[in-house]
Amino acid sequence: MTVADTCVHPYPAGDSSLRRMTFEARELGFDTIVVPDGTPLISSGVRVIPAALIAEESVRAVSGQIKKRENGLSLVMVNAGENGFNRAVLSLKGVHVLRNLHLTRKQSFNHICARLAADRGVAVDLDLYPVIHATGRTRQRVLVRFGELIRIYSRYRFPLTLSSNARSVLDLRSVEEITLLCSLFGMEEDDVQAALSTVGDLLNPPGPVRVVA
Amino acid sequence: MKPLPPTLRTKKRYILAGIEPSGAGADQKDLYYAITNAVTTLFGDVRAAAISPAVISSGPDYVIVRCTRGGEQDLRIALSTVTVSGDVRIVLRPRATAGTLHALRRRLPQERPAEPDQPQEVHFGGRLYDARRYQGQKVDVIEKGIKRQELLFLTQDDLEEL
């Protein structure tokens, strides 16, 4: 079963080399990490999956970026926006993950988006960086937002992913620590395990059995 | 003064956490402030008072923290949110929880971590760094200079590729 951190930023975006990141990730219990604009490889026994991070404000621009950057090997991750934008993005072919929902307004991801995400197998990413590093009102807002998402998730069961958004090996957290941190916003241990293993299914979605010969 | 009988004493739990990067030079007092601050900002004063975190002992790569029984899970969560001790960037990785210090000290690594070798000068990305090699593949490099020295976490292979 895949245990993946869905977004880490090695050198030069961060202060740790990719090899050191994979080295530490393996010690912390991961077997897969997702790296924006990386190349697919296996280092220290950890699989590196490249990702295309798309941060556009219009659906047309997102669609253009997907066409340009989708190669079947990369995870396509799109930054969330308003409700209409999110619904349109969830309907686009080739999108794997909708991320940064904690930076959007409360109604940006409602039950319609949840149903759409569940039907199309698009994952919603929960970024643990602000839970670890932010304090005060900022962290409170993130915890409330994640709590709301978990409530919707428990009803519609769309795929979830968890990311540390680590820019340093010091930002990485172990699977056990992530499970404890997720309990802060009401995520059960089984759901955490499922979220950590989602990435493996996103690139190779399970389909019906086909007769090939 | 007659000591309280054991049944009336507050039950404690002890948590062993690793400090990374090893030998970062985190002061015990700074660790205490960092941990209590993390507990308070995450759970508030009331819960922090109930947890009552206290640093019992620390070494270059570990810290033992005490709390009241029932508060160990919250304390472990709070330890995960510690990112700075004093001016030093660190991460605390909870390793074990025990009901007595004696039990926890048995969980301490018997061998001291290998001290990093003498710093060596290396060039990386066109800049000059002091490299400290640890046991295994890990190499931490710190930029040479007098202010805003950049700290990078690399491996031996990264340096050999240059």
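Residues numbered from 1 in each chain as written. Chains lettered and ligands numbered in written order. Predicted model: local features only at pLDDT ≥ 70, side-chain atom pairs only at ≥ 80, totals over all residues. Heavy atoms only, no water.

## Thoughts on the overall build of chain A
Applied cut-off: Helix and strand assignments come from DSSP, with helices taken as H or I runs of at least 4 residues and strands as E runs of at least 2, each series counted from the N terminus. Note on exposure labels: buried denotes an accessible area under 20% of the residue type's maximum, exposed denotes more than 50%, and partly exposed covers the range between, all computed with a 1.4 Å probe on protein chains only. Contacts between residues were defined by any pair of non-hydrogen atoms, one from each residue, lying within 4.5 Å. Positive charge is attributed to Lys and Arg, negative charge to Asp and Glu, and no charge count is given to His or to the chain ends. To locate a charge, the coordinates of NZ of Lys, CZ of Arg, CG of Asp or CD of Glu are taken.
Across its full length, chain A carries 9 helices and 8 strands. The dimensions of chain A, computed from C-alpha atoms along their principal axes, are 55 × 40 × 30 Å. Each of the 213 residues in chain A was classed as buried or not, and the buried ones make up 58%. Of the contacts made within chain A by residues no fewer than 6 positions apart, 66% connect residues no fewer than 24 positions apart. Here chain A holds 25 positive side-chain charges and 22 negative ones, and the gap between their average locations is 8 Å.

## Focus on the state of the cysteines
All names here are of chain A. Here is the rule we go by: When the sulfur atoms of two cysteines come within 2.5 Å, that pair is taken as a disulfide.
For the structure shown, the criterion picks out 0 disulfides over all chains. This cysteine, C7, is not joined by any disulfide, and C182 carries the nearest cysteine sulfur, 16 Å off. Under the relative-accessibility criterion, C7 is labelled buried at 0%.

## So, the domain arrangement of chain B
Put simply, the test is: Residue ranges for the domains originate in an automatic or database domain assignment.
Here chain B is partitioned into domain 1 (11-105) and domain 2 (120-160). Put simply, the middle of domain 1 of chain B and the middle of domain 2 of chain B, counted by C-alpha atoms, are 29 Å apart.

## Structural notes on the environment of L152 of chain B
Among the structural elements, L152 of chain B can be located in strand β10 (residues 151-155). The class of L152 of chain B is buried, set by a relative accessible area of 0%. Sequence separation between L152 of chain B and Q120 of chain B is 32 residues; the distance between their C-alpha atoms is 14 Å. Leaving out residues up to four positions away in the same chain, L152 of chain B has contacts with Y11 and D15 of chain A together with F124, Y129, V139, D140 and V141 of chain B.

## Regarding the packing of helix α1 (residues 28-51) of chain B against helix α2 (residues 72-80) of chain B
Residue and element names in this part refer to chain B. Spelled out, the test is: Note on method: axes are straight lines fitted to C-alpha atoms, helices fitted across the in-contact stretch only, with angles between N-to-C directions ranging 0 to 180 degrees. Roughly parallel refers to an angle under 35 degrees, roughly antiparallel to one over 145, roughly perpendicular to one between 65 and 115, and oblique to any angle outside these ranges. Crossing handedness follows the turn of the near helix against the far one: under a right angle anticlockwise gives a left-handed crossing, and clockwise gives a right-handed one.
Their axes nearest at 8 Å, the elements α1 and α2 cross at an angle of 160°. Of the possible angle classes, the one that applies to α1 and α2 is roughly antiparallel. Regarding α1 and α2, the two cross each other, and that crossing is right-handed. Contacts between α1 and α2 involve I35, A38, V39, L42, F43, R47 and I51 from the first element and D74, L75, I77, A78 and L79 from the second.

## Looking at the side chain of S80 of chain B
This is how it is decided: We call two N or O atoms a polar contact when they sit within 3.5 Å, provided that within protein one can donate a hydrogen and the other can accept it, with sequence-adjacent residues counted only if both atoms are side-chain atoms.
Along the chain, S80 of chain B falls in helix α2. Among the residues examined, S80 of chain B registers a relative accessible area of 0% and is labelled buried. Of the polar contacts made by the side chain of S80 of chain B, one reaches the side chain of E177 of chain A; its length is 3.4 Å. If near-sequence neighbours (up to four positions away) are discounted, S80 of chain B is found in contact with I132, R173, E177 and L181 of chain A.

## Concerning the sheet that holds strand β8 (residues 127-133) of chain B
Convention followed: Strand pairing requires that DSSP identify at least two bridges connecting the strands.
Strand order in this open sheet of 4 strands is β7-β8-β9-β10 (chain B), and the pairing throughout is antiparallel. The strands lining the two open edges of the sheet, one partner per strand, are β7 (120-124) and β10 of chain B. Taking each pair of neighbouring strands and ignoring which way they run, the sheet shows an average axis angle of 40°. Strand direction decides the pairing type here: β7 of chain B and β8 of chain B, joined by 5 bridges, are antiparallel. Within the sheet, the bridge partner assigned to Q120 of chain B lies in β8 of chain B and is A131 of chain B. Running at roughly 130° to strand β9 (residues 138-143) of chain B, helix α1 (residues 18-27) of chain A makes contact with β9 and β10 of chain B of the sheet.

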